[in-house]
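Residues per chain are reported as follows:
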Amino acid sequence: MTSTILIAYATRYGSTQEVAEAIADRLHERGLEVELKPIFEVSTLEPYRMIVLGGPIYMDRWHPEARRFLKRHYAALQEKPTAIFALGPIHQTPEEWQDAREQLDRALEKAPLLKPIAIEMFGGVISPAKLHFPFNHLKASDARNWTNIIDFADELAELSFIGRAVV
Ligand SMILES: Cc1cc2nc3c(=O)[nH]c(=O)nc-3n(C[C@H](O)[C@H](O)[C@H](O)COP(=O)(O)O)c2cc1C
């Protein structure tokens, strides 16, 4: 069996890509073989032993590429350990985090046979310079907590070691 972990991500403005890169770097530092790819470059999951799928939430929905990925690779994902992450909340209000998690859960409900080994929500980024009217009037912010992101990668590393020991 292959030893490579796939990190597949969707992004519109790059903040999810940066999180995916940080997770990939950390797994690599931990001695794991990792391939980092935008979702549109992934045609098959065959070469991978574990999948990490990430995408941002926009307008109350997980990124369409992430939702399509679940649908397209549904059967293969049930055969491999799969971890999920999303970016969204900008503020620290519990309501916003709960809403974002519900939005992610709604997307995952469409894939009920998938039992992710980990699911995580990270804060999102607003870069007004990259946005069109009226969103370019939002305040710039970056709610990503890099300690939590690295902790998530460490958790994935542990889970992947356990998975390998079992196989
Ligand atoms: C127009 C717009 C709509 C958004 N809608 C939501 C939303 O419904 N729920 C949420 O949690 N975050 C929402 N966000 C925050 C994004 O998820 C966040 O900006 C994320 O970091 C974007 O990722 P990307 O840079 O990879 O595209 C929205 C952001 C923008 C600019």
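Scroll up for the structure.
Since this is a predicted model, take the numbers as computed values, not measurements. Think of each chain on its own: its residues are numbered from 1, step by step along the sequence as written. Reporting of local features is limited, given that this is a predicted model, to residues whose pLDDT is at least 70; pairs of side-chain atoms are given and counted only at 80 or more, and all residues count toward the totals for whole chains, interfaces and linings. To get the side-chain values, take all heavy atoms of the structure and skip hydrogens and water.

Asks: Looking at this structure, I do not really get the overall build of the protein chain. What am I missing?
Replies: A helix here means a DSSP run of H or I that spans at least four residues, while a strand means a run of E at least two residues long, and both kinds are numbered starting from the N terminus. Looking only at helices and strands, one finds five helices and eight strands in the protein chain. Beginning at the N terminus, the succession of helices and strands in the protein chain can be written as β-α-β-β-β-α-α-β-α-β-β-β-α. Taking 15 Å as the expected radius of gyration for a compact globule of 167 residues, we find that the protein chain reaches 16 Å, a close match to that expectation. Overall, the C-alpha framework of the protein chain stretches about 50 × 30 × 30 Å when taken along its three principal axes. Accessibility here uses a 1.4 Å probe with only protein chains present; expressed as a share of the type maximum, an area under 20% marks a residue as buried, one over 50% as exposed, and anything in between as partly exposed. A total of 167 residues make up the protein chain; the buried ones form 43% of that total. If you sum the accessible surface of the protein chain, you get close to 9,200 Å²; carbon and sulfur atoms cover 54% of it. Lys and Arg are tallied as positive, Asp and Glu as negative. Neither His nor the chain termini are counted. Just so you know, the charge point we use is NZ for Lys, CZ for Arg, CG for Asp and CD for Glu. Charged side chains in the protein chain number 19 positive and 23 negative. The centres of these two groups are separated by 6 Å. Only C-alpha atoms enter the radius of gyration; for comparison, a globular chain is expected to reach 2.2 Å times N to the power 0.38, where N is the number of residues. Only the protein chains shown count as cover for residues, and all accessible areas are computed by the Shrake-Rupley method using a 1.4 Å probe.

Asks: Would you mind showing me how to read the environment of E155 here?
Replies: Counting through the fold element by element, E155 comes out in helix α5 (residues 146-166). The exposure class of E155 is partly exposed, given its relative accessible area of 36%. E155 sits 43 residues away from P112 along the chain, and the two C-alpha atoms are 23 Å apart.

Asks: Explain the site of the ligand to me, please; I cannot follow it from the model alone.
Replies: Here a residue counts as near a molecule or strand whenever at least one of its heavy atoms sits within 4 Å of it. Around the ligand sit 20 residues, and of these T11, S15, I57, Y58 and V125 come closest. For the purposes of these results, a polar contact is taken to be a pair of N or O atoms within 3.5 Å, where, inside protein, one atom must be able to donate a hydrogen and its partner to accept one; residues adjacent in sequence count only when each atom of the pair is a side-chain atom. For the ligand, an oxygen atom lies 3.3 Å from a polar atom in the backbone of G14. For the ligand, whose unbound accessible area comes to 640 Å², protein coverage reaches 90%. Counting residues per element, the ones that place at least two in the shell around the ligand are α1 (15-29), β3 (48-58) and α4 (94-109). Element by element, the count of residues in the shell around the ligand is highest for β3, at three residues.

Asks: I'm lost on helix α2 (residues 64-72) in this one. Help?
Replies: Note: α-helices contain 3.6 residues per turn, so residues at a spacing of three or four share the same orientation. Buried residues of α2: A66, F69 and L70, and no others. Buried residues in α2, looked at end-on, bunch into an arc of 100 degrees, giving them a common side. Those residues of α2 that are exposed and aimed more than 90 degrees away from the buried face are R68, K71 and R72. Contacts made by the buried residues of α2 are with β1 (4-9), β3, β4 (61-62), α3 (74-79) and α4. By construction, the arc corresponds to the directions joining the helix axis to the C-beta atoms. Contact definition: two residues touch when any of their heavy atoms are within 4.5 Å.

Asks: Explain the pairing of strand β5 (residues 82-87) here, please?
Replies: Look at any regular strand and the pattern is simple: side chains alternate between the two faces of the sheet. In terms of residue burial, β5 counts as a mostly covered element, since six of its six residues are buried. Residues of β5 alternate between two faces, with T82, I84 and A86 on one and A83, F85 and L87 on the opposite face, all of them buried. DSSP calls a pair of strands paired once it identifies at least 2 bridges connecting them. Direction of pairing for β3 relative to β5: parallel, over a ladder of six bridges. When the sheet's bridge partners are listed, P56 is paired in β5 with L87. Sheet topology note: the β5/strand β6 (residues 118-122) ladder contains five bridges and is parallel.

Asks: Would you mind showing me how to read the side chain of H73 here?
Replies: You can see H73 is positioned in the loop between α2 and α3. If sequence neighbours within four positions are ignored, H73 has contacts with V42, S43, T44 and L45.

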